[in-house]
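# Coordinates in review
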Amino acid sequence: AQKITQTQPGMFVQEKEAVTLDCTYDTSDPSYGLFWYKQPSSGEMIFLIYQGSYDQQNATEGRYSLNFQKARKSANLVISASQLGDSAMYFCINAGGTSYGKLTFGQGTILTVHP
Amino acid sequence: EAQVTQNPRYLITVTGKKLTVTCSQNMNHEYMSWYRQDPGLGLRQIYYSMNVEVTDKGDVPEGYKVSRKEKRNFPLILESPSPNQTSLYFCASSFNGVYNEQFFGPGTRLTVL
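Below or above, wherever it landed, is the structure these notes cover. Everything numeric in this text was worked out from a predicted model, so none of it was measured.

## Section: the overall build of chain B
- Counting its regular elements, chain B contains zero helices and eleven strands.
- If you list the helices and strands of chain B from N to C, you get β-β-β-β-β-β-β-β-β-β-β.
- Over its C-alpha trace chain B gives a radius of gyration of 13 Å, about what one expects of a compact globule, namely 13 Å for 113 residues.
- Each of the three principal axes of chain B carries a C-alpha extent, and together these read 35 × 30 × 25 Å.
- Every one of the 113 residues in chain B was classed for burial, and the buried ones make up 50%.
- Taking all contacts inside chain B whose residues are at least 6 apart in sequence as the whole, residues at least 24 apart take part in 54%.
- For chain B, the exposed surface amounts to about 5,300 Å²; the carbon and sulfur share of it is 51%.
- Charge-centre separation for chain B: the mean point of 12 positive side chains lies 7 Å from the mean point of 10 negative side chains.

## Focus on unusual backbone geometry
- The residue after Asn7 of chain B, namely Pro8 of chain B, is reached through a cis peptide bond having omega -5°.
- Even without being glycine, Ala81 of chain A reaches a positive phi, approximately 50°.
- Take Ala81 of chain A: it is sitting in the loop between β9 (74-79) and β10 (88-95).
- For Ala81 of chain A, a relative accessible area of 37% corresponds to the partly exposed category.
- A positive phi angle is found at Glu53 of chain B, which is not glycine, with a value near 70°.

Quick notes on the rules
Residues numbered from 1 in each chain as written. Chains lettered and ligands numbered in written order. Predicted model: local features only at pLDDT ≥ 70, side-chain atom pairs only at ≥ 80, totals over all residues. Heavy atoms only, no water. Helix = DSSP H or I, 4+ residues; strand = E, 2+ residues; numbered from the N terminus. Rg over C-alpha atoms; globule rule 2.2 N^0.38 Å. Buried < 20%, exposed > 50% of the residue type's maximum accessible area, 1.4 Å probe, protein only. Contact = heavy atoms within 4.5 Å. Areas by Shrake-Rupley, 256 points an atom, 1.4 Å probe, with all protein chains shown as cover. Lys, Arg positive; Asp, Glu negative; His and termini not counted. Charge placed at Lys NZ, Arg CZ, Asp CG, Glu CD.

Structure below.
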C-alpha cells in the first residue's frame, strides 16, 4: 500500500516569506501522481497543484511550486510570499499506481502565517 | 455552478439506525469517491467508483456500502452505524480517475451516539 508522510505537524512563517512543506511518499509503482490540497478552517478542500511521476519539470501554479525529487521520493510544496490567507491545513496526496483508483493522504501540516 | 453537493451537512444519529449520505456532482465526472477525516489521520478513502456500476474498496471500507447507479450520484450507506463512524465525511469527483483535479464536496459531519 502507498504511504505518504508529512513530518511537520505544524509550521510557522512570517508574512511575505517563503515556506516549504515536506512530503515523502513510498510507492514502487512507476506511474503515479502527487497532489497538494489546502483545507482552511472553514473546512473545504482546495486544489493547489499536481505533479505526474513522468513529468520532467516541477509543477508550478502561481505562488505554489512542487519540488519533485523522484529518486528521493519527495514532493515538497513551496509557497512563495506567504499571505495571511495561507494559514490552513495542507495535505499531500499520492494517487494511483497499481491501485489505480486510490488516493492516499498524508496526515497534514498546519501552516500559520504571522503578520 | 459546477459543484459537488452532499446531504445532509450535519447529522446526529444513534447506533444501529441506517442512514444514507448523498453525493451528487453536475460536472459529468466519471470518477467519484468517499473519504472520512479524523484528527491526526488525514483523510482516508472509503470507496471509489471509476464509472457507473463500477465500485471498489478504499482503505477503510468496513461498515460502509456504496452504489453507483447513475453517473451523477454516489451515495454512502451506513447500514448499522456505530460510534467509531463518527467523523467528517467528504465526497469527491473528477473528470476521469485519480490523475485529474479532485473536486470535493463541502463535507458531512456525522455523530453516532
